[in-house]
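# Reading the structure
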Amino acid sequence: MNIEEIKKILPHRDNMLLLDEAELKDSVAYGKKKITGEEWFLKGHFPGAPVVPGVILCEILAQSVCVCLEDKIQSDQLPFFTGLDKVKFKHPVKPGDLFETKCEITKIREPFYFAKGVGSVNGKVCVSAEFSFAITDKK
């Protein structure tokens, strides 16, 4: 999926759409984000030694797993983060890195969805997490 196809699933736009591409294979979502060094979140984190904030890495994981719900999220609905658990940061993500995600839904109790994911650079795990979200009406 390219950015335009991702926009059909996710409500995020402009600076908050953090995936460059995504793909769904056998119920597993794979996402990619190239960190260029020009991202808004790197300007102050940290001057002279930029590192992608952990909260941004978690958001990229969450956006990636929403690809698994391509046929469940309607145009009048939004996916909202509801929980984050067992987060482990193992290696920093820096400008020039291609951050790749692998996420999957582990349990469903509508409207809640539970997932797990890992984010890596060059095959080295940088972050892992379990998280949940709910699909709700925009109103």
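Look a little higher up for the structure.
Residues numbered from 1 in each chain as written. Predicted model: local features only at pLDDT ≥ 70, side-chain atom pairs only at ≥ 80, totals over all residues. Heavy atoms only, no water.

## Looking at the environment of isoleucine 108
- With respect to the helices and strands, the residue isoleucine 108 is situated in strand 4 (residues 98-109).
- Overall, the relative accessible area of 42% leaves isoleucine 108 in the partly exposed class.
- Residues isoleucine 108 and lysine 43, 65 residues apart in the sequence, show an inter-C-alpha distance of 38 Å. (Helix = DSSP H or I, 4+ residues; strand = E, 2+ residues; numbered from the N terminus. Buried < 20%, exposed > 50% of the residue type's maximum accessible area, 1.4 Å probe, protein only.)

## Digging into the nonpolar core
- Counting residues in hydrophobic clusters, the biggest one holds 35 residues, and the most contacted among them are Val52, Val65, Val93, Phe99, Phe131 and Phe133.
- Dropping the residues within four chain positions of it, valine 93 is found in contact with Ile35, Val51, Val52, Leu57, Phe99, Val121 and Cys126. (Core = buried A, V, L, I, M, F, W, Y, C linked by side-chain atoms within 4.5 Å. Contact = heavy atoms within 4.5 Å.)

## Structural notes on the packing of aromatic side chains
- Tallied over the entire structure, the rule returns three aromatic pairs.
- With 5.4 Å between their ring centres and 80 degrees between their planes, tryptophan 40 and phenylalanine 41 make a pair best called edge-to-face.
- Look at tryptophan 40 and you get partly exposed, because its relative accessible area is 42%.
- A ring pair is formed by phenylalanine 81 and phenylalanine 131, whose centres lie 6.0 Å apart and whose planes are at 75 degrees; its orientation type is edge-to-face. You can see phenylalanine 81 sitting in strand 3 (residues 77-89) and its partner phenylalanine 131 sitting in strand 6 (residues 124-137), a full 50 residues away along the chain.
- Given the relative accessible area of 36%, phenylalanine 81 is considered partly exposed.
- Above the ring of phenylalanine 114, the side-chain terminus of lysine 107 is found at 4.8 Å from the ring centroid. (Phe/Tyr/Trp six-rings, centres within 6.5 Å; stacked < 30°, edge-to-face > 60°. Lys NZ or Arg CZ within 6 Å of the ring centre and 35° of its normal.)

## Focus on the sheet that holds strand 3
- Read across the open sheet, the six strands follow the order 1-2-4-5-6-3; overall the sheet is antiparallel. This sheet does not close on itself; its edge strands, each paired only once, are strand 1 (21-25) and strand 3. Pairwise comparison of adjacent strand axes, ignoring direction, gives a mean angle of 25 degrees for this sheet.
- The pairing of strand 2 (residues 28-34) with strand 4 spans seven bridges and is classified as antiparallel. (Pairing = 2+ DSSP bridges. Axes fitted to C-alpha atoms, helices over the stretch in contact; angles between N-to-C directions.)

## So, the pattern of salt bridges
- Evaluated as defined, the whole model comprises four salt bridges.
- For the salt bridge of glutamate 4 with lysine 7, the shortest nitrogen-to-oxygen distance reads 3.5 Å. Taken together, the positions of glutamate 4 and lysine 7, both in helix 1 (residues 3-7) and three residues apart, correspond to about one turn of that helix.
- A salt bridge links glutamate 130 to lysine 86, with the nearest nitrogen and oxygen atoms 4.0 Å apart. Of the two residues, glutamate 130 is situated in strand 6 and lysine 86 in strand 3; the sequence distance between them amounts to 44 residues.
- According to the relative accessible area criterion, glutamate 130 is partly exposed, its value standing at 34%. (Salt bridge = Lys/Arg side-chain N within 4 Å of Asp/Glu carboxyl O.)

## Examining the state of the cysteines
- One pass over the full model with this rule turns up zero disulfides.
- With no disulfide of its own, cysteine 66 lies 8.6 Å from the sulfur of cysteine 68, the closest cysteine sulfur.
- Looking at cysteine 66, the relative accessible area reads 4%, which means it is buried.
- Cysteine 103 carries a free sulfur, and the closest cysteine sulfur to it, the one in cysteine 68, is 7.5 Å from it.
- Overall, cysteine 103 belongs to the buried group, its relative accessible area being 1%. (Disulfide = S-S within 2.5 Å.)

Without other data, these values stay purely geometric and don't point to any function.
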